Amino acid sequence: MQDDNPDTLQIAMAVDTSPGTVVMLLRLAKVIHKRSTEERLGIKLRQLMLLSYLRAGAPALQQQLCEALWLDPNNCVLLLNEMEDMGYVERRRDPSDRRRHVVDLTEEGQKALERAERAQEEIGDELLSALSDEERATLRSLLSRVVA
């Protein structure tokens, strides 16, 4: 049964049916993830995350990396083995506690990270092209506050 009452129609049209902020952020994250291919970045996204973490806090304990990247210890070791084979990270025993490993970023790892970040900037430019520089700065500032 159709309701042709103009008051009912206006109320129905006023209801916001747009997705919520979290849904929009998830959609954006999915698009970024899809575009962040190994071919485009030169490395896998999880490798980029590892290198980025190391640049901010190298050297890092292997256990810290596992926790920061939300990886179980086995997957963390596999990732570190892969990155070490590529020459992007170095692992060594912690001199103060020989049971622990310390992970450091190599010069090659730094170069790979810089290449991947340039590719990510291009992705960001594509996705945020509808925003002015000022709007982009505001978005970045707001997201930084939320993440912190």
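A brief report on the enclosed structure follows.

Each value, and the rule that gives it
Residues numbered from 1 in each chain as written. Predicted model: local features only at pLDDT ≥ 70, side-chain atom pairs only at ≥ 80, totals over all residues. Heavy atoms only, no water. Pairing = 2+ DSSP bridges. Helix = DSSP H or I, 4+ residues; strand = E, 2+ residues; numbered from the N terminus. Expected span 1.5 Å × (residues − 1). Buried < 20%, exposed > 50% of the residue type's maximum accessible area, 1.4 Å probe, protein only. Arc of directions from axis to C-beta. Contact = heavy atoms within 4.5 Å. Axes fitted to C-alpha atoms, helices over the stretch in contact; angles between N-to-C directions. Parallel < 35°, antiparallel > 145°, perpendicular 65-115°, else oblique. Nonpolar A, V, L, I, M, F, W, Y, C, P; charged D, E, K, R; others polar. Left-handed = near helix turned anticlockwise from the far one by under 90°.

A short note on the sheet that holds strand β2 (residues 89-94)
The strands that make up a sheet pair up through hydrogen bonds in the backbone, lying either parallel or antiparallel.
For step 1, the next point in the chain: Strand order across the open sheet formed by three strands is β1-β3-β2, with antiparallel pairing between neighbours. Two strands bound the open sheet, and with one partner strand each, they are β1 (60-61) and β2.
For step 2, the next point in the chain: Direction of pairing for β1 relative to strand β3 (residues 97-105): antiparallel, over a ladder of two bridges. Residue pairing in the sheet places Leu-61 in a bridge with Val-102 of β3.

Here we look at helix α7 (residues 107-127)
Note on helix geometry: an α-helix contains 3.6 residues per turn, so any two residues three or four positions apart are oriented the same way.
For step 1, the next point in the chain: In a regular helix each residue adds 1.5 Å, so 21 residues correspond to 30 Å; α7 covers 30 Å between its end C-alpha atoms and thus fits that length.
For step 2, the next point in the chain: Taken as a whole, α7 has its buried residues at Gly-109, Ala-112, Leu-113, Ala-116, Ala-119 and Ile-123. Along the axis of α7, the buried positions cluster into a sector of 130°, meaning they face one direction only. When the buried face of α7 is taken as reference, the exposed residues oriented beyond 90 degrees from it are Glu-107 and Glu-121.
For step 3, the next point in the chain: In the core, the buried residues of α7 are packed alongside α2 (21-35), α3 (38-41), α4 (45-57) and β3.

Let's talk about the packing of α4 against helix α6 (residues 73-85)
Between two packed helices, both the angle of their axes relative to each other and the distance between the axes serve to describe the pair.
For step 1, the next point in the chain: One way to put it is that α4 packs onto α6 with a least axis distance of 11 Å and a crossing angle of 85°. As summarised for this structure, α4 and α6 are arranged roughly perpendicular, according to the angle between their axes. Between α4, through Arg-46, Gln-47, Leu-50 and Leu-51, and α6, the contact on the second element is made entirely by Leu-79, Leu-80, Glu-82 and Met-83.
For step 2, the next point in the chain: Partitioned by chemical class, the residues of the contact of α4 with α6 number five nonpolar, one polar and two charged.

Considering the packing of α2 against α7
For step 1, the next point in the chain: Between α2 and α7, the least distance of the axes is 10 Å, while the angle of their chain directions is 135°. Viewed along their axes, α2 and α7 adopt a mutual orientation that is oblique. Our pair here, α2 against α7, has a crossing hand that is right-handed. Here Leu-28, Val-31, Ile-32 and Arg-35 of α2 come into contact with α7, specifically with Gln-120, Ile-123, Glu-126 and Leu-127.
For step 2, the next point in the chain: Its residues assigned to classes, the contact of α2 with α7 shows five nonpolar, one polar and two charged.

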